[in-house]
Amino acid sequence: MRIRVIPSLLIHKSGLIKSVQFKNYKYIGDPINAVKIFNEKEVDEIALIDIDATRENRPPNFEAIAEIASEAFMPMAYGGGVNTIEHIKRILLSGFEKVILNKVLHSNINLVTQAANLIGSQSVVASIDFRKSLFGGYKVYTDNGTKKTNYTPKDFAKIAENAGSGEILLNFIDNDGTYKGYETEIIASVSHHIRIPVIAIGGAGNVEDFRKAKQAGASAVAAGSMFVFQRPHQAVLISYPKQSELKETLFNI
Amino acid sequence: MITIINYNAGNLGSIKNMLNYIGIQSQISNDKYIIENAEKLILPGVGHFDYGMQQLKKSGLIAVLTQKVVIEKTPILGICLGVQLLTDFSEEGTEKGLGFIKGKTISFDKTKLASNQKIPNMGWIDVDNYTQSKLFENMHDEPRFYFVHSYHLELENSTDCLVTAKYGYDFAAGIEHGNILGVQFHPEKSHKYGMKLLENFYKNY
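Here's a quick rundown of the structure. No experiment lies behind these values; they were computed from the predicted model shown. Sequence order as written defines residue numbering, which begins from 1 separately in each chain. For this description, chains carry letters from A and ligands carry numbers from 1, given in the order in which they are written. In view of the model being predicted, local features appear only for residues whose pLDDT reaches at least 70, and side-chain atom pairs are presented and counted only at 80 or more, with totals across whole chains, interfaces and linings using the full set of residues. The basis for every side-chain value is the complete set of heavy atoms in the structure, and neither hydrogens nor water enter the calculation.

**Looking at the overall build of chain B**
What counts here: Put simply, DSSP marks the helices as runs of H or I at least four residues long and the strands as runs of E at least two long, and each gets a number from the N terminus on. In this description the radius of gyration comes from C-alpha coordinates, and the expected globular size is given by 2.2 Å times residues to the power 0.38. Each residue's exposure class comes from its accessible area (1.4 Å probe, protein chains only) as a fraction of the maximum for that residue type: buried when under 20%, exposed when over 50%, partly exposed otherwise. By definition, residues are in contact when any of their heavy atoms lie within 4.5 Å.
The helix and strand tally for chain B stands at six helices and eleven strands. Taken over C-alpha atoms, the radius of gyration comes to 16 Å for chain B, in line with the 17 Å a tight globule of 205 residues would show. Overall size of chain B, expressed as C-alpha extent along the three principal axes, is 50 × 40 × 30 Å. Taking all 205 residues of chain B together, 59% fall into the buried category. Here the analysis covers contacts within chain B between residues at least 6 apart in sequence; of these, 71% occur between residues at least 24 apart.

In structure tokens form, the structure reads like this:
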């Protein structure tokens, strides 16, 4: 069975960047150019996340993201600074199929329910960032990985599901930008604990990592660095696995 | 010129975007007079079946749609909820559908899905059994399309089936009956495959 393979693009100061463990930003380029290249590569879906919006306590930049979406011929999800039902309506009108909620899950989980009633669960993605603690165990973080909460990813995913989320974007901060692979243990525990799809993100280095996430229970896989850098020198190069490789390693299992 | 029917249920901008990109003129409208004079229609839609039908009723467009599609045989392409509304009814709700095509919209049979096949079916599927249709003329090899749905079509006449897709089992992913066409997937979000399909709708019907 096919699963979705999703480039995740981070917007910082109106350009695209890529982080390592949510820090050390490296400039990638212009978002519209990147989306045009991803069109040519026929990617399954794109997740676009404005990592400044919540930090700067401002709403999404609707004009800018609408322009990016107008170039996209694949499904698009947007996250960053989404706090109200009005934001959500405008994001959908801007050409996105889905909204990604993160910080607001902790301050106003009712927004998930409201949004699901208005646009359907399938369009509401709950984004959960987590780290491994020093003494084992895993905790959910907010504010670009700077604020620790008391929730485990598993418990918080259940809360998000019960509120009406259509899927969970499960982001392992520790492996972000490291190519070390996903945290499959948590992917397995979360995806077996809830019925909605889990999108794995954080650490993918190759298609083999996607396969492991799928086997652990992920319904989709997402990555950043793998699609925008060429190793070993981290030169900016937008790429996407060939369908033949995906079929052989990922879909046919 | 293609007229995209705006009845306040779903995102119409991306359909217009793709049509623009492939050089086909289109307009988004909820105006009876414009729809009365349309050469080709697209009925889009996202959301609950009953919501879609209620919005159509509220828009006051059902009479003109029936006149155009049933009497004048104007080509119409339903997309996603749009194609479901063309059937007689849906298990999702209690409203009657437009009934332009003989069939109904039913829930996925969960007993036939694998444990990792969630509802809604959300993702890309390589479609099958489409070669007969002009909508798939000169289609790129191994066409795949983006789907988001919890309900699917069940047609009374298998000859109305335009294309099939497999999710747990094979289901009708599109219909074609004379001037009445529709697809469950989103061509406007399906790269060159969707572009070819929309181009064919414009050119061949």
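Moving on from the model shown.
**Regarding the packing of aromatic side chains**
Residues and elements named next belong to chain B. What counts here: Stacked, edge-to-face and tilted labels apply to pairs of Phe, Tyr and Trp rings (six-membered ring for Trp) whose centres lie within 6.5 Å, assigned for plane angles under 30 degrees, over 60, and everything in between, in that order.
Scanning all chains against the criterion turns up 20 aromatic pairs over all chains. Between Phe145 and Tyr193, the aromatic rings sit 6.4 Å apart at their centres with planes inclined by 70°, giving edge-to-face as the arrangement. Taken together, the residues Phe145 in strand β7 (residues 144-149) and Tyr193 in helix α6 (residues 191-204) connect sequence positions 48 residues apart. Among the aromatic residues, those joined into a ring-pair cluster are Phe108, Tyr130, Phe136, Phe145, Phe147, Tyr167, Tyr169, Phe171, Phe185 and Tyr193.

**Thoughts on the nonpolar core**
We apply this condition: In these notes, a set of buried Ala, Val, Leu, Ile, Met, Phe, Trp, Tyr and Cys residues joined through side-chain atoms within 4.5 Å is what counts as a nonpolar core.
Grouped together as the largest cluster of nonpolar side chains are 75 residues, with contacts concentrated most on Ile88, Leu101, Ile168, Leu170 and Phe210 of chain A. Non-local contacts of Phe210 of chain A, meaning those with residues more than four positions away in its chain, are made with Val5, Tyr182, Ala204, Val221, Ala223, Met226, Phe227, Pro241, Leu246 and Leu250 of chain A. Listed in part, the 38 residues of the second largest apolar core include Ile2, Phe145, Leu162 and Ala173 of chain B.

**Focus: the side chain of Glu97 of chain A**
Residue and element names in this part refer to chain A. For clarity, the threshold we go by: For this analysis, a polar contact is any N or O atom pair within 3.5 Å, provided that within protein one partner can donate a hydrogen and the other can accept it, and provided that sequence-adjacent residues contribute only side-chain to side-chain pairs.
Take Glu97: it is sitting in the loop between α3 (85-93) and β6 (98-101). Judged by relative accessible area, Glu97 falls into the buried class, the value being 18%. One polar contact links the side chain of Glu97 to the main-chain amide nitrogen of Met76, over a distance of 2.8 Å.

**As for helix α8 (residues 207-216) of chain A**
Two residues of an α-helix separated by three or four positions point the same way, owing to the 3.6 residues in each turn. All names here are of chain A. The element α8 is largely enclosed, with a buried count of seven among its ten residues. The complete set of buried residues in α8 reads Val207, Asp209, Phe210, Arg211, Ala213, Lys214 and Ala216. Here the buried face of α8 lies against β1 (4-12), α7 (184-193), β11 (198-201), β12 (220-223), α9 (225-228) and α10 (243-251). At the N-terminal boundary of α8, the capping side chain belongs to Asn206, with an oxygen 3.1 Å from the backbone nitrogen of Glu208. After α8 finishes, the residue Gly217 shows a positive phi value of roughly 125°.

**Considerations on the pattern of salt bridges**
The condition is simple: Between Lys or Arg on one side and Asp or Glu on the other, a salt bridge is scored when a side-chain nitrogen of the former is within 4 Å of a carboxyl oxygen of the latter.
Using the criterion set out here, one finds 28 salt bridges over all chains in the structure. Of the charged contacts, one joins Asp143 of chain A and Lys147 of chain A as a salt bridge, the two residues approaching to 3.9 Å between their closest N and O atoms. Owing to a relative accessible area of 18%, Asp143 of chain A belongs among the buried residues under this scheme. Residue Lys147 of chain A is classed as partly exposed on the basis of its relative accessible area, which comes to 46%. Between Glu154 of chain B and Lys104 of chain B there is a salt bridge; the shortest N-O distance is 3.6 Å.

**Considerations on empty space enclosed by the protein**
Residues and elements named next belong to chain A. So the rule is basically this: Here the term cavity refers to a set of points on a 1 Å grid, laid over the protein atoms alone, in which a 1.4 Å probe fits but cannot get out; the term pocket refers to an open set having protein on both sides within 12 Å along at least five of seven lines, with lining residues being those that place an atom within 4 Å of a point. Grid points are joined across faces, edges and corners, and a volume is the space filled by probe spheres set on the points. We call Asp, Glu, Lys and Arg charged. Ala, Val, Leu, Ile, Met, Phe, Trp, Tyr, Cys and Pro are nonpolar, and the rest, Gly among them, are polar.
Going through the model one piece at a time under the given rule, you end up with four cavities of 30 Å³ or more. Empty space within the largest cavity amounts to approximately 600 Å³. Along its surface, the largest cavity is lined by 42 residues, and Phe22, Ile49, Ile51, Asn102 and Asp129 are the ones closest to its centre. The set of elements that each furnish at least two residues to the lining of the largest cavity consists of β1, β2 (15-20), β4 (46-50), β6, β7 (124-132), β10 (167-172), β12 and α9. Class assignment for the residues of the lining of the largest cavity results in 17 nonpolar, 18 polar and seven charged.

**Description of the interface of chain A and chain B**
So the rule is basically this: Buried area is understood as the total, over both parts, of accessible area removed when two parts are fitted together, assessed with a 1.4 Å probe.
In this complex, chain A contributes 30 residues to the contact, which on the side of chain B involves 27 residues. In this assembly, chain A packs against chain B so that about 2,200 Å² is buried in total across both faces, 53% of it on carbon and sulfur atoms. At the boundary of chain A with chain B, the tally comes to five salt bridges. Here Glu42 of chain A makes a salt bridge to Arg144 of chain B, at a shortest N to O gap of 3.5 Å. One can count 15 residue pairs in polar contact (both at pLDDT 80 or more) joining chain A with chain B. Secondary-structure elements contributing two or more residues to the side of chain A that touches chain B are α1 (31-40) and α10 of chain A. A per-class count over the side of chain A that touches chain B returns 13 nonpolar, seven polar and ten charged.

**Some details on the pairing of β1 of chain A**
All names here are of chain A. Rules: Should DSSP find at least two bridges between two strands, the strands are taken to pair.
Where burial is concerned, most of β1 is hidden: nine out of the nine residues are buried. Taking every second residue as pointing to the same face, both faces of β1 are buried, with Arg4, Ile6, Ser8, Leu10 and His12 on one and Val5, Pro7, Leu9 and Ile11 on the other. Examined bridge by bridge, β1 and β12 share four bridges and lie parallel to one another. Looking at β12, one finds that Arg4 is bridged to Ala220. In terms of strand pairing, β1 meets β4 through four bridges, oriented parallel. Along β4, the bridge assignment pairs Leu10 with Ile49.

**Section: the packing of helix α6 (residues 153-163) of chain A against α7 of chain A**
Residue and element names in this part refer to chain A. Heads up, the rule is: All axes here are fitted lines through C-alpha atoms, helices being fitted over the stretch that makes contact, and every angle between N-to-C directions spans 0 to 180 degrees. Each crossing gets its hand from how the near helix is turned against the far one by less than a right angle, where anticlockwise is left-handed and clockwise is right-handed.
It is the contact of α6 with α7, at a shortest axis distance of 9 Å, that shows an interaxial angle of 35°. The interaxial crossing formed by α6 with α7 has right-handed handedness. Contacts between α6 and α7 pair Pro153, Lys154, Ala157 and Lys158 from the former with Ile186, Ser189, Val190 and His193 from the latter. A per-class count over the contact of α6 with α7 returns four nonpolar, two polar and two charged.

Any functional reading would require information that these geometric values do not contain.
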